[in-house]
Amino acid sequence: MVFTRGPLTTQFTIDTPQSNMARCLHLGSFLFTKMVNTPRISMGVKTCLIKTWTPHSQGKAISIHSAIHYNSENNSLSEEKVIIHFINQDGIKTTTAVTEGQTLLDVVVNKNLDIRGFGACEGTLACSTCHLIFDKTFYEKMEPIVDEEMDMLDLAYGLTKTSRLGCQVTVQKWMDGMTVQVPQEVRDAVGSKGSQ
Amino acid sequence: MLKLFLTSARCVRITRFHGVCGLATSTPASSPKVCIVGGGPAGFYTAQHLVKTRTDVQVDIYERLPVPFGLVRFGVAPDHPEVKNVINTFTQTARHARCSFHGNVRVGKDVTVEELQEAYHAVVLSYGAEGNRTMGVPGEDLAGVYSAKDFVGWYNGLPRNRDLRPDLSCETAVILGQGNVALDVARMLLSPVDILKKTDITQHALDALAESSVRRVLIVGRRGPLQVACTIKELREMVNLPGTRPEMEVSEFEGIAETLKALARPRKRLTELLLKAAIETPGKEEFERWNRAERAWGFRFLRRPLEVLPSTDLIRAAGIRLAVNRLEGDGEGVWAVATGEVEDVECGLVISSIGYKSLPIDPAVPFDARKAIIPNTMGRVQQTAGLYCSGWVKRGPTGVIATTMNDSFDTARTLLQDIGKGTLDVSTVKPGSQAVSALLEKRGVKPVSFSDWEKIDSEETRRGETRGKPREKMLDVGEMLQVARA
């Protein structure tokens, strides 16, 4: 379990066998309530069980339930973890430890991170809601962006020169310590959100 | 006081952690009850945000049709199934213990908004835009002239468009408008049937398109290449569409290449692709593909419809008269001005794709007829306490699903703020769906629950399987109700 205290709320993520059930991209924290047994909590950065969820390749409509599977290869305390910091739309930072090979969208889903409306199309390059902003040094080391990703990214709210779609970025060891952020919501004097 | 304690952000997390969750079978009588009118993306995203943020709010979604999901089901093109993945998150919301779906209920007819306001603490209007902007030209009523809204509804199985029977026996189709809906229509008209037959396009549309004689589609806009409203993904699909080639007037792109440098990346890439398709010499492979192509498509710019020209028997469209424009102003704010020149294009199919339009639902709801939206401030309906709105009926019929998602979250947030501040009074006990169900029963209206919809869903999926399609949509409300009640 990783515990972070932000200005307004406390954010923590727990991995349990039971929380694997009925994952939903958007109803993140309500899933805590589906836990039937006591969660196994280990203090510190390493977590006991990692669930991975692999969306089908782009172009296919998938059911989120059928796409969930339990990857036992990651069920190891000695597995090296990559630390990634996420800053959500309200500026709240969450730190997670993840294994290589999953996409950043997978991470947000698997860790139930509180990022509103993230990954609407479930990783099929049909939306821009998994838009993430990176630090320049990390951005420049990434796999080059292909046309199909750029086509959707171009529609994203708050696009920057170091933006990518989270569903197209795979966690790798050299990303250890990386911070990614969701565009901050801009509210003008009248209170209406900065438009897309 | 306990309620205030429980609803502060920190304590909400603590109560959830200890297992006070959405598995409760009934919410306390004193919980805030919200009613949402419209079961499309706006309705579902608003509901989702409400139930996720407060553990005490009960949300009921009312939908006119027996089937949910609105334009995700009836608007998104059959060959864009991944865009429909949002249905999974809507399904999660509908199955939440504090959310319920009531289909087959016509708000404004079966139950009034006033009655909903008596039963609920807040009513959110998310009923979208069921009308369309008309061209307002002579001949618009001729056979062979359709709104894109109806044409899309026809191939997507919207019950009211079931009997459209568009005439596809002509060679040329003209589409007015250059947004993504216009490109969807063009793509449906020109896609090889072998591709379409594996999608959830309705069988009758598939059969009609298999017999179609349409070989050429012109996509016509008032302004110039730099003002096309479509996005690059859809344009790329047209450029790569098997069996087709682009055919455009080089003269309409004069001066465009020079502007590229100054454009922002999204517009720059879109314009580059457009130029590539319109005026650049194709590479060898592409040249051969275009040579073999039997179907053609192209944009036409600076053209505005003046009249649909009738056939000799005066019954159907035989052509369209277009005014030629020129552009004035520069940058973002260019506008089109008539030059006085006029051009006639022979065609037998005219599809106007110039915008959807919301309609007023009930006298109790203020409506701005000029803008065709419900007048509101951040989702709070003006001059009427307890009424909110989200989606197209709130800000106009533009944007993608993600735009509506953010908009709906904004409205939900406004509503929750109002509860928090006390401007929305939730202290009185409201009966919620119980009262509405009683009214509906008295009036002989039988709502369709979400699990009833799931029976329709299973049946459509089963029928589709026999044909190698994801589903075969039911076209008849009566049939939907029969399956729902089985």
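Residues numbered from 1 in each chain as written. Chains lettered and ligands numbered in written order. Predicted model: local features only at pLDDT ≥ 70, side-chain atom pairs only at ≥ 80, totals over all residues. Heavy atoms only, no water.

A. Focus on the packing of aromatic side chains. All names here are of chain B. Under the definition given, this model contains 17 aromatic pairs over all chains. Ring plane angle 45° and centroid distance 5.5 Å describe the contact between Phe44 and Phe69, whose orientation is recorded as tilted. Pair noted here: Phe44 is in helix H3 (residues 41-53) and Phe69 is in the loop between strand S2 (58-62) and helix H4 (70-74), with a separation of 25 residues, a long-range link. Of the two residues examined, Phe44 and Phe69, each falls in the buried class. Taken together, a centroid distance of 6.2 Å and an interplanar angle of 80° make the contact between Tyr62 and Tyr120 edge-to-face. Placement of the pair is Tyr62 in strand S2 and Tyr120 in the loop between helix H6 (113-119) and strand S4 (122-125), with a sequence separation of 58 residues. What makes Tyr62 buried here is its relative accessible area of 2%. (Phe/Tyr/Trp six-rings, centres within 6.5 Å; stacked < 30°, edge-to-face > 60°. Helix = DSSP H or I, 4+ residues; strand = E, 2+ residues; numbered from the N terminus. Buried < 20%, exposed > 50% of the residue type's maximum accessible area, 1.4 Å probe, protein only.)

B. Layout of the pairing of strand S9 (residues 178-181) of chain A. Pairing between strand S5 (residues 82-87) of chain A and S9(A): 4 bridges, direction parallel. Opposite A:Ile87, over in S9(A), you have A:Gln181 as the bridge partner. (Pairing = 2+ DSSP bridges.)

C. Molecular detail of the environment of B:Thr428. Secondary-structure assignment places B:Thr428 in the loop between helix H16 (401-421) and helix H17 (433-442). Considering only alpha carbons, one finds B:Thr428 and B:Ser30, 398 residues apart in sequence, at a separation of 7.1 Å.

D. Structural view of the pairing of strand S3 (residues 99-102) of chain B. All names here are of chain B. With burial as the criterion, each face of S3 is covered, one bearing Cys99 and Phe101 and the other bearing Ser100 and His102. Where S2 meets S3, 4 bridges bridge the pair, whose relative direction is parallel. The partner of Ile61 across the bridge, within S3, is Phe101.

E. Structural view of the confidence of the model for chain B. All names here are of chain B. Of all residues in chain B, 94% attain a pLDDT of 70 or more, and the chain-wide mean is 94. Throughout residues 2-25 the model reports pLDDT below 50, and contacts reaching past four residues in sequence, or to other chains, amount to 41 contacts. Taken together, the chains of this predicted complex give a pTM of 0.84 and an interface ipTM of 0.88. (pLDDT = per-residue confidence, 0-100. Contact = heavy atoms within 4.5 Å.)

F. Focus on empty space enclosed by the protein. Under the defined criterion, the tally for this structure stands at 6 cavities of 30 Å³ or more. Here the largest cavity is characterised by a volume of approximately 290 Å³. Lining the largest cavity are 22 residues, with A:Arg116, A:Thr129, A:Tyr157, A:Val182 and B:Asn406 sitting closest to its centre. The dominant element in the lining of the largest cavity, judged by the number of residues it contributes, is H16(B), at 6 residues. Its residues assigned to classes, the lining of the largest cavity shows 10 nonpolar, 7 polar and 5 charged. (1 Å grid on protein atoms, 1.4 Å probe; cavity = no way out; pocket = protein on both sides within 12 Å on 5 of 7 lines; lining within 4 Å. Points joined across faces, edges and corners; volume = space filled by probe spheres on them. Nonpolar A, V, L, I, M, F, W, Y, C, P; charged D, E, K, R; others polar.)

G. Examining the sheet that holds strand S11 (residues 303-310) of chain B more closely. All names here are of chain B. Here we have 3 strands laid out as an open sheet, ordered S11-S12-S13, and antiparallel in their pairing. The sheet is open, and its two edges are formed by S11 and strand S13 (335-346), each paired on a single side. Sheet twist, expressed as the mean angle between neighbouring strand axes with direction ignored, is 20°. Bridge count for strand S12 (residues 317-328) against S13 is 9 bridges, and the pairing is antiparallel. Looking at the pairing, Ile320 lines up with Val345 of S13. (Axes fitted to C-alpha atoms, helices over the stretch in contact; angles between N-to-C directions.)

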